[in-house]
Amino acid sequence: MRILPVSSGKGGVGKTTFALNFALALAKTHQTVLLDLDTGTSSLRNFLDVKVSRDLFHFLKKDLPLQECREVLPARMDPDRAFANFSFIASPHGFIHDMVNFSPEVKEKLITGINGLQADFLVIDMKAGLDHNVLDFLPLSNSGIILFTPRLKAATYTAAELAKAILFRMLDIMLRSPLLQGRFDRGAEDPQAPVFQRLRDFLESGGEGSNKNLDDLIGEAAAQFPQDNFLRVFRYYVENYKVYYVLNQFNSVAESVENSIKPFVEEIFRSASSRVTFHNLGWVVEDEQVRRSSESGVPYLVRRHYQKKKAVVPAQDMEAQLRELFGLGHKKPEPEPKKDLSRELSGQLDLLRKIYVFNAGKDPETNLDFIAARVRDLSDNSAHQFGMKKIFSVQEFLERFQSKLQ
Ligand SMILES: Nc1ncnc2c1ncn2[C@@H]1O[C@H](COP(=O)(O)OP(=O)(O)OP(=O)(O)O)[C@@H](O)[C@H]1O
Ligand SMILES: [Mg+2]
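No experiment lies behind these values; they were computed from the predicted model shown.

1. As for the pairing of strand β2 (residues 32-36)
Within β2, five of the five residues are buried, leaving the element largely enclosed by the surrounding structure. What you see with β2 is no split at all: T32, L34 and D36 on one side and V33 and L35 on the other are buried throughout. Pairing analysis gives four bridges linking β2 to strand β3 (residues 86-89), with the strands arranged parallel. Looking at the pairing, L34 lines up with F88 of β3.

Shown next as structure tokens:
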């Protein structure tokens, strides 16, 4: 199973709308579960006119297996069973304190439940915000799917903050590795202790108040201690950090680049690292039918299917073309030399144009099919760690990291 959390930093950018329709697009070919972790608002329930008899409450408080808390679309909504592969787990009604704020026990139980789910894809509608209730459910080595929109320029900055927070959390865990702790404990006896302390301080402050970024700090440290294995692996993780994003309420390539992609990439380059790789998974256009279906309780894609009443385009065709388009499935490219902002931006612009020419720009359904095809392709591609196979505990992550140090 691939776990695909959809997060945004800021609220109101269309997470629930996207997560719901994206899960339905994936369900055209794969078993897909949508999990509402935006507890407290029960927003998914408001978007789906479906009677829910089991939800997260039954899993957390009544010990029902998570798999059995799934609901499917009722026959009146999906008479053809076109979305039979789709199921969802709603968050509880009302305000139950430890479920809304994820007490440590709730969090642990949820993670165990999620890791035990049986499906091909699990899409998670996350809460907005950058706290541990969000971060602990996100991947450690990539960004999951970050959604933002050229319509809300202010949300771009928080989206960049989120991508940065995920990267910094992973690096912070490494710096707290017991292997390194021994070196900290030796204090002044270890000549490298101040170097690691600087990195720790930098991560703790989120890079605020510093005119340097991670590349500067790691570069300076590596120049001082060129043989250090820890620094080598630390740098490797930064260089392999991938940000996957989707633009919602897309209007035009030019607007998206100016209002979203440019400030997004710029902020991450400036305050984190220019070695991060960006992957635009596609976009969803602004569309009145999408807006209306949120209010009507019938998801856009379901409504659309019954409006057209015609066979779904086989996803394989699109996937083969995608491989061609993105050069996937070929040999993993050599790591690129340090990038600069203008090169990264022109690369992203180029990609947007290609997606546009590829016809992914027309209507929300084509957009969603495109994103789903791209996600299936990335998930099958071993060079990408896209979508976690499970939510790793800090301990499990550290074990993997330490094995790389050997
Ligand atoms: N592509 C789109 N075209 C038109 N309207 C959209 C689109 N995407 C989302 N919307 C509308 O934007 C509003 C906000 O969407 P949604 O509730 O999905 O955002 P959210 O990020 O989940 O918000 P919250 O943070 O409150 O959970 C809704 O009214 C929805 O119908
Ligand atoms: Mg929402």
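2. Notes on the packing of helix α1 (residues 15-26) against helix α14 (residues 300-308)
The interhelical angle for the contact between α1 and α14, taken along N-to-C directions, is 50 degrees, at an axis separation of 8 Å. Taken together, the axes of α1 and α14 are oblique relative to one another. Touching N21, L24 and A25 of α1 are Y300, L301 and V302, all from α14. A breakdown of the residues in the contact of α1 with α14 according to their chemical character gives five nonpolar, one polar and no charged.

3. With respect to the sheet that holds strand β1 (residues 2-7)
Reading across from one edge, β3-β2-β4-β1-β5-β6-β7 is the order of the seven strands in this open sheet, with parallel pairing throughout. Pairing within the sheet leaves two strands with one partner each, and these edge strands are β3 and β7 (277-285). Put simply, the sheet's adjacent strands are angled 20 degrees from each other on average, direction ignored. Inspection of the sheet shows strand β6 (residues 242-250) paired to β7 by eight bridges, in the parallel sense. Residue Y245 lies in a different strand from β7, and its bridge partner there is N280. Its contacts with the sheet place α1 against β1, β2, β3, β4 (121-125), β5 (142-148), β6 and β7, and it is angled at close to 170 degrees to β4.

4. Things to note about unusual backbone geometry
A positive phi angle, near 60 degrees, is found at D63, a position not held by glycine. Position of D63 relative to the elements: it lies in the loop between α3 (56-60) and β3. For D63, a count of 8 C-beta atoms within 10 Å gives the class exposed. Phi at Q249 takes a positive value of approximately 55 degrees, unusual for a residue other than glycine. Note on placement: Q249 falls in strand β6. Note on Q249: 21 C-beta atoms within 10 Å, which makes it buried.

5. Considerations on the nonpolar core
One broad rule of soluble globular proteins: the nonpolar side chains tend to lie buried together. Counting residues in each nonpolar core, the largest one holds 109 residues, and the members touching the most others are F22, A23, L122, V123 and I146. If we ignore the near neighbours within four places in the chain, the residues touching V123 are L4, V6, A19, F22, A23, T32 and L34.

6. Considerations on helix α9 (residues 193-204)
In this model, α9 (twelve residues) spans 16 Å end to end at C-alpha, consistent with the 16 Å of a helix rising 1.5 Å per residue. Residues of α9 that are buried include every one of V195, L199, F202 and L203, and no others. Viewed end-on, α9 has its buried residues packed into an arc of 95 degrees, placing them on one side of the element. Exposed residues lying more than 90 degrees from the buried face of α9 are D201 and E204. Close packing links the buried residues of α9 with α7 (153-175) and α10 (214-224). Backbone geometry just after α9 places G206 at a positive phi near 65 degrees.

Thresholds, definitions, all that
Residues numbered from 1 in each chain as written. Chains lettered and ligands numbered in written order. Predicted model: local features only at pLDDT ≥ 70, side-chain atom pairs only at ≥ 80, totals over all residues. Buried ≥ 20, exposed ≤ 12 C-beta atoms within 10 Å, placed from the backbone. Helix = DSSP H or I, 4+ residues; strand = E, 2+ residues; numbered from the N terminus. Pairing = 2+ DSSP bridges. Axes fitted to C-alpha atoms, helices over the stretch in contact; angles between N-to-C directions. Parallel < 35°, antiparallel > 145°, perpendicular 65-115°, else oblique. Contact = placed C-beta atoms within 7 Å. Nonpolar A, V, L, I, M, F, W, Y, C, P; charged D, E, K, R; others polar. Core = buried A, V, L, I, M, F, W, Y, C linked by C-beta atoms within 7 Å. Expected span 1.5 Å × (residues − 1). Arc of directions from axis to C-beta.

By themselves, these figures tell us nothing about what the structure is for.
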